[in-house]
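Summary of structural features
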Amino acid sequence: MKTLLVIEDDPALARGICLALQSESVCCRSCPTLAKARAQLAACDLAVLDINLPDGSGLTLLAEIRKTSALPVILLTANDLETDIVAGLESGADDYITKPFSLAVLRARVHTQLRRLEACAAAPAEGRFVQDDFVFDFARMHFLCRGKAVELSKTEQKLLRLLTQNAGQTLPRAVLQQRIWPDGAQYVDENALSVTVKRLRDKLEADPAHPRYIQTVYGIGYGWAVKA
């Protein structure tokens, strides 16, 4: 049984969403504020989060979640500008749905996130990468570089996972952009990938005395070196 938390201040809408998502395998709860959501997050498997809430922005709560958890979060909001969508995905949302919306589409996207959770649970070993002075535990969002913990954003984690899963290969920029921002690649600035690569390098390769693992193949893309 999976538990979904709907964080929505419109009681009628929250009730309708819960009715649509509730099933024999899914328990759906709702709460109207950030404060009440914080008390329930630890017990849920997925959150559907509004941005405009009475006691603050849902993006604030999303940032808090991403500091310690890989909990799937779907933003469900009336904020429908391209800049809003980009900001939501860049903040670590797994999906972004604008109001008005279709309950059938929401249900399908929730089921997609739940299937990803089940796939990760079925293959936990795939979430860990160890090489030389690096230990990356993607399932627990714990990253060590030469014995020191490194904090990575959700986007940086996605990039690092793609690179390490394909170590020794060069991944084209277009492929990386589509995989990192699957639901909003068309809204992402063309320099976003370059900026993400630089930030990841700054965190993992800050000491110039150490080897370089993130490789740039100019005109093509990026790769992770098997031997640096």
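Here's what I pulled together on the structure shown here. Computed from a prediction, not measured in an experiment: that's the story for all the values here.

What to know about the sheet that holds strand 12 (residues 170-172)
Spatial strand order, 12-14-13: three strands in an open sheet with antiparallel pairing. Every interior strand has two partners, whereas the edge strands, strand 12 and strand 13 (214-217), have only one. Sheet twist, expressed as the mean angle between neighbouring strand axes with direction ignored, is 30 degrees. Examined bridge by bridge, strand 12 and strand 14 (residues 221-224) share three bridges and lie antiparallel to one another.

What about the layout of surface pockets?
Volume-wise, the second largest pocket comes out at about 200 Å³. If you trace the second largest pocket, you find it lined by Ala63, Arg66, Lys67, Glu90, Ser91, Gly92, Glu151, Leu152, Ser153 and Lys154. In terms of residue count, helix 3 (residues 58-68) provides more of the lining of the second largest pocket than any other element does, three residues in total.

Some thoughts on the packing of helix 6 (residues 154-165) against helix 7 (residues 173-180)
At a minimum axis separation of 10 Å, helix 6 and helix 7 run at an interaxial angle of 130 degrees. Relative to helix 7, helix 6 is oriented oblique. Regarding helix 6 and helix 7, the two cross each other, and that crossing is right-handed. For the pair helix 6 and helix 7, contact is made by Thr155, Lys158, Leu159 and Leu162 and by Leu176, Arg179 and Ile180, respectively. Considered class by class, the residues forming the contact of helix 6 with helix 7 number four nonpolar, one polar and two charged.

What to know about the pattern of salt bridges
Per the stated rule, a full pass over the model turns up 11 salt bridges. Measuring nitrogen to oxygen at the nearest pair gives 3.1 Å for the salt bridge that ties Asp95 to Arg109. A residue pair is termed long-range when its members are at least 10 positions apart, and Asp95 in strand 7 (residues 95-98) and Arg109 in helix 5 (residues 103-122) qualify at 14 residues. The network of salt bridges with shared partners includes Glu8, Asp50 and Lys99.

A short note on the sheet that holds strand 2 (residues 26-31)
The strand order across the open sheet built from five strands is 2-1-3-6-7, with neighbouring strands paired in parallel fashion. The sheet is open, and its two borders are formed by strand 2 and strand 7, each paired with just one other strand. Averaged over all pairs of adjacent strands, the angle between strand axes in this sheet comes to 20 degrees, irrespective of strand direction. Across four bridges, strand 1 (residues 2-7) lies against strand 3 (residues 46-49) in parallel orientation. Looking across to strand 3, one finds that Leu4 is bridged to Leu46. Helix 3 contacts strand 1, strand 3 and strand 6 (73-77) of the sheet and is inclined by roughly 175 degrees relative to strand 6.

Reading the values: rules and limits
- Residues numbered from 1 in each chain as written.
- Predicted model: local features only at pLDDT ≥ 70, side-chain atom pairs only at ≥ 80, totals over all residues.
- Heavy atoms only, no water.
- Pairing = 2+ DSSP bridges.
- Helix = DSSP H or I, 4+ residues; strand = E, 2+ residues; numbered from the N terminus.
- Axes fitted to C-alpha atoms, helices over the stretch in contact; angles between N-to-C directions.
- 1 Å grid on protein atoms, 1.4 Å probe; cavity = no way out; pocket = protein on both sides within 12 Å on 5 of 7 lines; lining within 4 Å.
- Points joined across faces, edges and corners; volume = space filled by probe spheres on them.
- Parallel < 35°, antiparallel > 145°, perpendicular 65-115°, else oblique.
- Left-handed = near helix turned anticlockwise from the far one by under 90°.
- Contact = heavy atoms within 4.5 Å.
- Nonpolar A, V, L, I, M, F, W, Y, C, P; charged D, E, K, R; others polar.
- Salt bridge = Lys/Arg side-chain N within 4 Å of Asp/Glu carboxyl O.

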